[in-house]
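Letter by letter, the chains look like this.
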Amino acid sequence: MEFSDFLAHSSDAERPKGTIIDGAFVCQTCNEQCGEAEYFMIEKILKWTCSEGHVSYIKDFL
Ligand SMILES: [Zn+2]
């Protein structure tokens, strides 16, 4: 899957399911700290959403 496709589908009901990871993840928009993120193993993408609804992500996450 292309990364742009991944983002395009990130709000779909059909989006791939990730693994929840506990940690400290800072929102890339408002710098709010979030306690968990979702890791998509196949796409190697770590994604999290802050309480304001901003979506942050890291591509090629280990
Ligand atoms: Zn935010």
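Above this text you will find the structure in question.
Attention here is on the structure that accompanies the text. These numbers come from a predicted model, not from an experiment.

Let's shift gears to the coordination of the zinc ion. On the protein side, the zinc ion has Cys 27 (SG), Cys 30 (SG), Cys 50 (SG) and His 54 (ND1) as donor atoms, found 2.1 to 2.3 Å from it. In this structure, the zinc ion is surrounded by 4 donor atoms whose angles at the metal cover 103 to 116°, and the resulting shape is tetrahedral. Ordering the donors of the zinc ion by residue number gives the pattern C-x2-C-x19-C-x3-H. With Cys 30 in the loop between strand S1 (19-26) and strand S2 (33-40) and Cys 50 in the loop between strand S3 (45-49) and strand S4 (55-59), this pair connects stretches of sequence that are 20 residues apart. Owing to a relative accessible area of 34%, Cys 30 belongs among the partly exposed residues under this scheme. Look at Cys 50 and you get buried, because its relative accessible area is 6%.

On to the side chain of Ser 56, then. In this fold, Ser 56 is placed in strand S4. Reaching out from Ser 56, the side chain makes a polar contact with the backbone nitrogen of Gln 28 at a distance of 2.8 Å. With residues near it in sequence (within four places) discarded, Ser 56 still touches Val 26, Cys 27, Gln 28, Leu 46, Lys 47 and Trp 48.

Let us look at the side chain of Glu 38. Positionally, Glu 38 belongs in strand S2. Reaching out from Glu 38, the side chain makes a polar contact with the backbone nitrogen of Gly 18 at a distance of 3.1 Å.

In this section: the sheet that holds S3. The 4 strands are arranged S1-S2-S3-S4 in an open sheet whose pairing can be described as antiparallel. One side of each edge strand has no neighbouring strand; the edge strands of this open sheet are S1 and S4. Between one strand axis and the next, the sheet turns through 30° on average, direction left out of account. Sheet analysis places S2 next to S3, joined by 3 bridges and oriented antiparallel. Paired with Tyr 39 across the strands is Leu 46, a residue of S3.

Thresholds, definitions, all that
Along each chain, residues carry numbers from 1 onward, in the same order as the chain's sequence is written. For a predicted model such as this one, the threshold for reporting local features is a pLDDT of at least 70, and the threshold for listing and counting side-chain atom pairs is 80 or more; totals across whole chains, interfaces and linings nevertheless cover every residue. Side-chain measures were taken over the full set of non-hydrogen atoms in the model, leaving aside hydrogen atoms and water. Coordination partners: N, O, S within 2.8 Å of the metal, 3.2 Å for Na, K and Ca; water not considered, so apparent gaps in a site are possible. The rule is simple: four donors are tetrahedral if all their angles sit between 85 and 135 degrees, four are square planar and six octahedral if opposite donors span more than 155 degrees and the others lie between 65 and 115, and anything that fits none of that is irregular. We count a stretch as a helix when DSSP gives it H or I for four or more residues in a row; a strand needs E for two or more, and each element gets its number in order from the N terminus. Burial classification: accessible surface area is computed with a 1.4 Å probe over protein chains only, and a residue below 20% of its type maximum counts as buried, one above 50% as exposed, and the rest as partly exposed. Here a polar contact is recorded for every N or O atom pair within 3.5 Å, except that within protein the pair must consist of a potential hydrogen donor and a potential acceptor, and residues adjacent in sequence are included only if both atoms are side-chain atoms. Whether two residues touch is decided by their heavy atoms; if any such pair falls within 4.5 Å, the residues are in contact. We call two strands paired when DSSP finds no fewer than two bridges between them. Only C-alpha atoms enter the line fits that serve as axes; for helices the fit covers just the stretch in contact. Angles between N-to-C directions range over 0 to 180 degrees.

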